[in-house]
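Notes for the structure review
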Amino acid sequence: AANDLERVLIDRQAPDPDLLRPFAGSRAPQEVNTNQMVALLSSGLYSEADSIAQFVKDNDDNKLLLAVNAVLNGRYEGHFDTVAKTGLRNEVVMLLAMKRNEEALRKSRSLPDGDAVSHYLRAVCLNRTDNIVEADKELKQAIAMNPWMIETAKTDGDLNDLISLDKEQ
């Protein structure tokens, strides 16, 4: 019953990382462990999810879950293709995570212009490649499209210097 409830919560994008905690582990069914991993990852509890990953079978059904878990725990090698093929945005994020900034910038230019996240990611790429003027323009565009982006940028080590520059001017 708890696993069924967790599945519903996951579908509603409101997972509870504590619901399956007592049931997950070596003796739990695969569904319990995979749902617990999803709940933990969704809640930002990456190291806890990593400890459950050892009980999840590495097969086609779980390949993406295990790859996302590995990436969120800082292990990029061997997982790039799996995550990157889920979409261009994720590919750009993976390239940035792997410090492949020039390649990320090239890919970011193909992101849709009507999306604030595209402009935000482009700003990160441009700032990392020392194109500060263009990075600032992209960040301003992202914030114009979604004002909440400024809060993210304030705490983002890749962009908070641009926010500081704006305050000085």
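For the structure itself, consult the block above.
Here is what the cut-offs are and how they apply
Residues numbered from 1 in each chain as written. Predicted model: local features only at pLDDT ≥ 70, side-chain atom pairs only at ≥ 80, totals over all residues. Heavy atoms only, no water. Phe/Tyr/Trp six-rings, centres within 6.5 Å; stacked < 30°, edge-to-face > 60°. Lys NZ or Arg CZ within 6 Å of the ring centre and 35° of its normal. Core = buried A, V, L, I, M, F, W, Y, C linked by side-chain atoms within 4.5 Å. Buried < 20%, exposed > 50% of the residue type's maximum accessible area, 1.4 Å probe, protein only. Helix = DSSP H or I, 4+ residues; strand = E, 2+ residues; numbered from the N terminus. Contact = heavy atoms within 4.5 Å. 1 Å grid on protein atoms, 1.4 Å probe; cavity = no way out; pocket = protein on both sides within 12 Å on 5 of 7 lines; lining within 4 Å. Points joined across faces, edges and corners; volume = space filled by probe spheres on them. Nonpolar A, V, L, I, M, F, W, Y, C, P; charged D, E, K, R; others polar. Axes fitted to C-alpha atoms, helices over the stretch in contact; angles between N-to-C directions. Left-handed = near helix turned anticlockwise from the far one by under 90°.

1. A word on the packing of aromatic side chains
- Under the criterion given, the structure shown has zero aromatic pairs.
- Between the NZ or CZ atom of R100 and the centre of the ring of F80, over which it lies, the distance is 5.0 Å.

2. Examining the nonpolar core
- Core analysis: the biggest nonpolar cluster contains 29 residues, and V92, L96, Y120, L139 and L159 have the highest contact counts within it.
- Contributing elements (two or more residues each) for this core: helix 4 (63-72), helix 5 (80-84), helix 6 (88-97), helix 7 (101-108), helix 8 (116-128), helix 9 (132-145), helix 10 (149-155) and helix 11 (160-168).
- Every residue in contact with L96, bar those within four places of it in the chain, is listed here: N101, A104, L121, V124, C125 and R128.
- Judged by nonpolar contacts, the second largest core, of 13 residues, contains A24, A28, L41 and I52.

3. Focus: the layout of surface pockets
- One number sums up the size of the largest pocket: a volume of about 390 Å³.
- In terms of lining residues, the largest pocket is bounded by Y46, L64, V68, V71, L72, Y76, V83, T86, N90, V93, M94 and A97.
- Where the lining of the largest pocket is concerned, the elements lending two or more residues are helix 4 and helix 6.
- Partitioning the lining of the largest pocket into residue classes produces 10 nonpolar, two polar and no charged.

4. Some points on the packing of helix 1 (residues 2-11) against helix 2 (residues 30-42)
- Two elements in contact, helix 1 and helix 2, have axes separated by 10 Å at closest approach and are oriented at 35°. The hand of the helix 1/helix 2 crossing is left-handed. Where helix 1 abuts helix 2, its residues N3, E6, R7 and I10 lie against E31, V32, N35, V38 and A39.
- Partitioning the contact of helix 1 with helix 2 into residue classes produces four nonpolar, two polar and three charged.

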